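# An overview of the molecular structure
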2 protein chains.
Amino acid sequence: MSDKIPHWLQKQAELSPNRLAAETPEGRKLTFRQLHEAADNAAGRLVTLGITKGSRVAVLSPNSVDMIVLIHALSYIGATLILLNTRLTISEWTYQLQDSEADLLLAPAAYEQAARETGAAVCTMENLGQQAVSAYTRCTELSLDNVFSIIYTSGTTGNPKGVEHTYGNHWWSAIGSALNLGLSQHDKWLSPLPMFHVGGLSTIFKSAIYGMPLYVTKSFDEQTVQTAIMQHGVTIVSVVTVMLQRLLRLQERDGVTYPETFRCMLLGGGPAPLHLLQEAKTRAIPVFQSYGMTETASQIVTLSPEDSLRKLGSAGKALVPAQLRIKGTFGLAQPEEAGEIQVKGPMITNGYYRNADATASAFQDGWLATGDIGYTDREGYLYVLDRRKDLIISGGENVYPAEVENILSGHPSIQEAAVVGKADARWGMVPAAFLVKQQEVSIEELQAYCEQRLARYKIPKNWHWVEQLPRNASNKLMRYKLQELLKEDSGSCS
Amino acid sequence: MSDKIPHWLQKQAELSPNRLAAETPEGRKLTFRQLHEAADNAAGRLVTLGITKGSRVAVLSPNSVDMIVLIHALSYIGATLILLNTRLTISEWTYQLQDSEADLLLAPAAYEQAARETGAAVCTMENLGQQAVSAYTRCTELSLDNVFSIIYTSGTTGNPKGVEHTYGNHWWSAIGSALNLGLSQHDKWLSPLPMFHVGGLSTIFKSAIYGMPLYVTKSFDEQTVQTAIMQHGVTIVSVVTVMLQRLLRLQERDGVTYPETFRCMLLGGGPAPLHLLQEAKTRAIPVFQSYGMTETASQIVTLSPEDSLRKLGSAGKALVPAQLRIKGTFGLAQPEEAGEIQVKGPMITNGYYRNADATASAFQDGWLATGDIGYTDREGYLYVLDRRKDLIISGGENVYPAEVENILSGHPSIQEAAVVGKADARWGMVPAAFLVKQQEVSIEELQAYCEQRLARYKIPKNWHWVEQLPRNASNKLMRYKLQELLKEDSGSCS
């Protein structure tokens, strides 16, 4: 079997040159031929800047058609793409740029100043457009085993790890999704999820592989999404719970019913609450719940709308090319028995960039040990109990307690810190901090300290001073005791 | 990237246990759970007969649900499947059974006597059902690189070659087809093409991979197909030209219009004549013309219905995971320039069983050299000029002149023989023989001689005595001269 396929964008430009590839609320439209030409041109300009096959190029950008063009341009050159989260701090970007050995950082002009503070070589996307177009040898084939992209995910130990995805990982993810959702030539996909996360990124490859237009919005705005569904033929939307909630509120306010052609609301980022699913059902919105992580190149387990109420709280079953198992303390778990969720399949990363230890500990006999706890019922439906042990999902972003704890306990006035998730009406969860002080310090000072070092969404929104942290006999932090405290005491010192 | 996927049938039985997997005109219906259980049972019975992982098992059967069950059963065991064409002679089967080193031959009772004459170990499908079910270790994963099936194709040299297909070849073929035709949960596929050919076989894997029901008919019958479309929800039908023709005639006779949900008539076996495509268009039948061969695990180039009249006679463009090029005498051909059609992609066989020479000569730099002659137009659409040089396609079956010539010239009274295709209203083409005699012999005797050695469709239907065969300076047979003779002289000696 050949492990090579034709380059997906060039292929689609050949098969369906005049089909729409991307459009925006502002009315910008590109066919596959135009997208191909734009990517080919951008590639020629990058080559002028010295980028060649094997170069490592970071992109720091909110969603845009130009970002899609750049991503395809890098694959035409055969360069590796490193995606930076726009919400991080300069020091976080700096770490990721250095760790990934990026040769160049591309960002829109609005990010130029911040980008330059990382010390990386920077070219703005606007400036790139002014470069001469050099001749280059376009990669007309993609080797499925070759790494194309790196996305950083905060490890449970607090050190971000660069998740490598091969072309094959992205391909299989797109195919697994198509086998689940079906494929129609009338599809148009809107993902308000950031393209620097794998969920948003995956729609770029789906578009090229399926020959399907993307409706590209800079970020999530419920009015824009509703208008796109009602007036611009969008049939599939990726969302996290808070977005679904806002869309339902807007629908209610406007007395609007989505057209029958709207066929999928793909919900990631943890199970949705019952009332939301019931409301979606009343409104005839087909919600596909899903479970996945950066390592699985987007969703790997999904629940169909037919099952969403019958299997309330379940994430569903593994996609056609994927497998799921629950590892108990002694071997594989029985149905209804909780254990670690492990997954396997050709969409799963081979490992972390330059981090053999993390890679080795992430896999067991070819299975990805997710660290998440869950069980399957007697019909094989997955229920996730703890979306990674201790992970806080705030507005769709992952906050790893250990990372925030590391920062806090690095402050000279703090002796010890513990961070847990606190339920929040707007964000789902927010980080809450429990601190043991070394000497007097104000919450304001700690907040300012964090602002220098942590993305906004990672900064605790809720602060508690304690005499000591609850630990068990073996000195392990008992986080559930802190969560009990949060429930008991709704007050806090901020 | 893991090169393993869960076993497609077991997976579908888990994902959609109650979805219909197969039904017949006689009213037999199996869900995916039932198909899985039937295959699992059949596997246990085969194990009782001594079949294990790595065994080589031939199947000689017309299309049936039981044949589908057996094919999945062999993959559950991890055995290799060898498919025999029911239309061949005992000596042809014997050759293929010996060449493929088959351990067992499975066939319905109706074929038992003929099967036994091959000297192979035979078990009838009916008898298999009486065996005890042994415990065995089911293959729950499929390794994409492992060979699953062998289908013999007559080589141009006259020696049949066993085309090996890996699980990956079949998987990629199914995915390439889905990306071309789309995927709907309302699909139901009817393939009257024999499952011992790759076109029919491929629908078995598509069914399991897509979770799609097959409507299984023993062979082609236009009334059965029309009823299946009109009354049993069939949405896709695989056909060759002669079948499409008969379906159109029946439609006309019955004054029937296919429902709008009927979405694809997948046409293989050479381009269709204009009047047929025009008639299909008038009747709003979406015809997808296609080009492929055993080596490509079913179609690899297709033409969409929108293009069928605009690009009359074209086979279309290569599927998303595939590539196409035309090799001229000096490097790659320009548009409109004829040359050898070469294709590449992960659905293409790695080669022929125990035939390194044929394998080596079939590939050039990773491209399959089809031996077919064609060109692409300026928009990249493929036109096939000679579907393999000299190949005769008769009623959808390939007849290789060299194979028939070898038999004829083996007769003691024949000095030299040449076989070419002759246009035929019913079969598209039939073989025509040109013979130089050594001594007197009757056509009747030659026909009887062929009947012992060749499948019925390979036997010449048209006979000519000549003084000598037309040869060029380097003594190469000039077949086109014979074809000119056929056109000039409509008479023949039979």
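Conventions adopted
Residues numbered from 1 in each chain as written. Chains lettered and ligands numbered in written order. Predicted model: local features only at pLDDT ≥ 70, side-chain atom pairs only at ≥ 80, totals over all residues. Heavy atoms only, no water. UniProt positions renumbered as here; feature names shortened; annotations may be inferred. Helix = DSSP H or I, 4+ residues; strand = E, 2+ residues; numbered from the N terminus. Rg over C-alpha atoms; globule rule 2.2 N^0.38 Å. Buried < 20%, exposed > 50% of the residue type's maximum accessible area, 1.4 Å probe, protein only. Areas by Shrake-Rupley, 256 points an atom, 1.4 Å probe, with all protein chains shown as cover. Lys, Arg positive; Asp, Glu negative; His and termini not counted. Charge placed at Lys NZ, Arg CZ, Asp CG, Glu CD. Salt bridge = Lys/Arg side-chain N within 4 Å of Asp/Glu carboxyl O. Contact = heavy atoms within 4.5 Å. Buried area = accessible area lost by both parts, 1.4 Å probe. Polar contact = N/O pair within 3.5 Å; in protein donor to acceptor, adjacent residues only side chain to side chain. pLDDT = per-residue confidence, 0-100. Domains from an automatic or database assignment. Nonpolar A, V, L, I, M, F, W, Y, C, P; charged D, E, K, R; others polar. Pairing = 2+ DSSP bridges. Axes fitted to C-alpha atoms, helices over the stretch in contact; angles between N-to-C directions. Parallel < 35°, antiparallel > 145°, perpendicular 65-115°, else oblique. Left-handed = near helix turned anticlockwise from the far one by under 90°. Arc of directions from axis to C-beta. Least-squares fit on C-alpha atoms with pLDDT ≥ 70 in both. Phe/Tyr/Trp six-rings, centres within 6.5 Å; stacked < 30°, edge-to-face > 60°. Lys NZ or Arg CZ within 6 Å of the ring centre and 35° of its normal.

In the nomenclature of an unreviewed UniProt entry, chain A is known as 2-succinylbenzoate--CoA ligase of Terribacillus aidingensis. What UniProt records for chain A under Sequence similarities (unreviewed entry) is the sentence "Belongs to the ATP-dependent AMP-binding enzyme family. MenE subfamily." Looking at chain A in UniProt, the text filed under Function (unreviewed entry) is "Converts 2-succinylbenzoate (OSB) to 2-succinylbenzoyl-CoA (OSB-CoA)."

## What to know about the overall build of chain A
Summing up its helical and strand segments, chain A has 15 helices and 29 strands in all. Compactness check: chain A gives a C-alpha radius of gyration of 23 Å against a globular reference of 23 Å for 494 residues, within 12% of the reference. By the burial criterion, 59% of the 494 residues in chain A qualify as buried. Of the roughly 19400 Å² that chain A leaves accessible, carbon and sulfur atoms contribute 47%. Between the averaged position of the 45 positive side-chain charges in chain A and that of its 50 negative side-chain charges there is a distance of 3 Å.

## Topic: the pattern of salt bridges
Oppositely charged side chains may form a pair once their charged atoms are brought near each other. Per the counting criterion, the structure on display carries 44 salt bridges over all chains. Put simply, A:Arg249 and A:Glu279 hold a salt bridge, and the shortest N to O gap is 2.8 Å. Residue A:Arg249 is found in helix α10 (residues 241-254), and its partner A:Glu279 is found in helix α11 (residues 274-282); the two are separated by 30 residues along the sequence. Among the residues examined, A:Glu279 registers a relative accessible area of 16% and is labelled buried. Here B:Glu141 and A:Lys344 are joined by a salt bridge, their closest N and O atoms 2.7 Å apart. Residue B:Glu141 is located in strand β8 (residues 141-143), and its partner A:Lys344 is located in strand β20 (residues 339-344); the two belong to separate chains. Note on B:Glu141: relative accessible area 22%, which makes it partly exposed. One continuous salt-bridge network, built from bridges that share partners, spans A:Asp307, A:Arg310, A:Lys311, A:Asp377 and A:Glu379.

## What to know about the interface of chain B and chain A
The interface of chain B with chain A comprises 34 residues on the first partner and 34 residues on the second. When chain B packs against chain A, the two sides together hide about 3100 Å² of surface, and 60% of this comes from carbon and sulfur. Counting the contacts that link chain B with chain A gives two salt bridges. The interface formed by chain B and chain A holds 13 residue pairs in polar contact (both at pLDDT 80 or more) in total. Secondary-structure elements contributing two or more residues to the side of chain B that touches chain A are β1 (4-6), α1 (8-15), α7 (167-181), α8 (198-210) and β17 (314-318) of chain B. The element best represented in the side of chain B that touches chain A is α7(B), accounting for seven residues.

## Topic: the confidence of the model for chain A
With 95% of its residues at a pLDDT of 70 or more, chain A shows a mean pLDDT of 92. For this predicted complex, the interface confidence score (ipTM) comes to 0.86, while the overall pTM stands at 0.87.

## Quick word on α1(B)
Here α1(B) lies mainly inside the structure; six of its eight residues are buried. For α1(B), the full list of buried residues reads B:Trp8, B:Leu9, B:Gln10, B:Lys11, B:Gln12 and B:Ala13.

## Here's the deal with the domain arrangement of chain A
Residues and elements named next belong to chain A. Domain boundaries assigned for chain A yield domain 1 (4-143), domain 2 (169-388) and domain 3 (391-488). Each of domain 2 and domain 3 has a C-alpha centre, and the two are 29 Å apart. If you look at the interface, domain 2 gives eight residues, while domain 3 gives six residues. The junction of domain 2 with domain 3 conceals about 670 Å² of combined surface from both sides, 50% of it contributed by carbon and sulfur atoms. Between domain 2 and domain 3 we count zero salt bridges in total. Taken together, domain 2 and domain 3 are joined by one residue pair in polar contact (both at pLDDT 80 or more). Here the residues of the side of domain 2 that touches domain 3 sort into three nonpolar, two polar and three charged.

## Some words on the sheet that holds strand β28 (residues 462-465) of chain B
Residues and elements named next belong to chain B. Spatial strand order, β26-β27-β28: three strands in an open sheet with mixed pairing. If you trace the sheet from one side to the other, it starts and ends with β26 (414-424) and β28, each paired once. Sheet twist, expressed as the average angle between the axes of neighbouring strands with direction ignored, equals 25°. Note that strand β27 (residues 428-437) and β28 share four bridges and pair parallel. Residue alanine 432 lies in a different strand from β28, and its bridge partner there is asparagine 462. Running over the sheet, helix α14 (residues 443-453) touches β26, β27 and β28 and is turned about 125° from β28. Docked against the sheet, helix α15 (residues 479-488) engages β26, β27 and β28, running at close to 60° with respect to β26.

## As for the packing of α1(B) against helix α2 (residues 32-48) of chain B
All names here are of chain B. It is at 8 Å that the axes of α1 and α2 come closest, and there the two elements cross at 140°. Between α1 and α2, the interaxial angle falls into the category oblique. For the crossing formed where α1 meets α2, the hand is left-handed. Here Leu9, Gln10, Gln12 and Ala13 of α1 lie close against α2, whose contacting residues are Phe32, Arg33, Leu35, His36 and Ala39. Residues that form the contact of α1 with α2 fall into these classes: five nonpolar, three polar and one charged.

## Observations concerning helix α9 (residues 222-231) of chain B
Because each turn of an α-helix spans 3.6 residues, side chains separated by three or four positions in sequence point in the same direction. Residue and element names in this part refer to chain B. When we look at burial in α9, the residues that qualify are Val225, Gln226, Ala228 and Ile229. Within α9, the buried residues cover an arc of 160° as seen down the axis, which keeps them to one side. Looking one or two residues beyond α9, the residue adopting positive phi is glycine 233, at roughly 75°.

## Digging into the sheet that holds strand β29 (residues 462-465) of chain A
All names here are of chain A. Spatial ordering of the open sheet is given by β27-β28-β29, a layout of three strands whose pairing is mixed. Pairing within the sheet leaves two strands with one partner each, and these edge strands are β27 (414-424) and β29. For this sheet the average axis-to-axis angle between neighbouring strands, irrespective of direction, equals 25°. With 10 bridges joining them, β27 and strand β28 (residues 428-437) adopt antiparallel strand pairing. For valine 419, the partnering residue across the bridge sits in β28 and is alanine 433. Against the sheet, helix α13 (residues 401-409) contacts β27, β28 and β29, and its axis sits at roughly 140° relative to β27.

## Concerning the relation of the copies chain B and chain A
Mapping chain B onto chain A is achieved by rotating through 180° and translating by 0.0 Å along the same axis, at an RMSD of 0.0 Å. Both chain copies can therefore be described as sitting about a two-fold axis. When C-alpha distances to the rotation axis are compared across chain B, the minimum falls at B:Leu183, with a value of 2.3 Å. When the interface residues of chain B are mapped onto chain A, 100% of them are again interface residues, pointing to one common binding face.

## Concerning unusual backbone geometry
As a rule of thumb, non-glycine residues mostly have phi less than zero, and peptide bonds are mostly trans rather than cis. All names here are of chain A. Here alanine 297, not a glycine, exhibits a phi torsion of approximately 60°, which is positive. Along the polypeptide, alanine 297 turns up in the loop between β15 (287-293) and β16 (298-303). Here the phi dihedral of serine 298 falls at roughly 100°; this positive angle occurs in a residue that is not glycine. The topology assignment puts serine 298 in strand β16.

## Remarks on the packing of aromatic side chains
One pass over the full model with this rule turns up 15 aromatic pairs over all chains. Between A:Trp172 and B:Trp172 the ring centres are 6.2 Å apart and the planes differ by 80°, which places this aromatic pair in the edge-to-face class. Here A:Trp172 is found in helix α7 (residues 167-181), whereas its partner B:Trp172 is found in helix α7 on a different chain. Given the relative accessible area of 1%, B:Trp172 is considered buried. Relative to A:Tyr383, the ring of A:Tyr375 has its centre 5.1 Å away and its plane inclined at 5°; by these criteria the two rings are stacked. Residue classification places A:Tyr383 among the buried positions, given a relative accessible area of 14%. The aromatic ring of A:Tyr352 is capped on one face by A:Lys161, whose charged end is 4.3 Å from the ring centroid. Sitting over the ring of B:Tyr76, B:Arg138 keeps its end group 5.5 Å from the ring centre.

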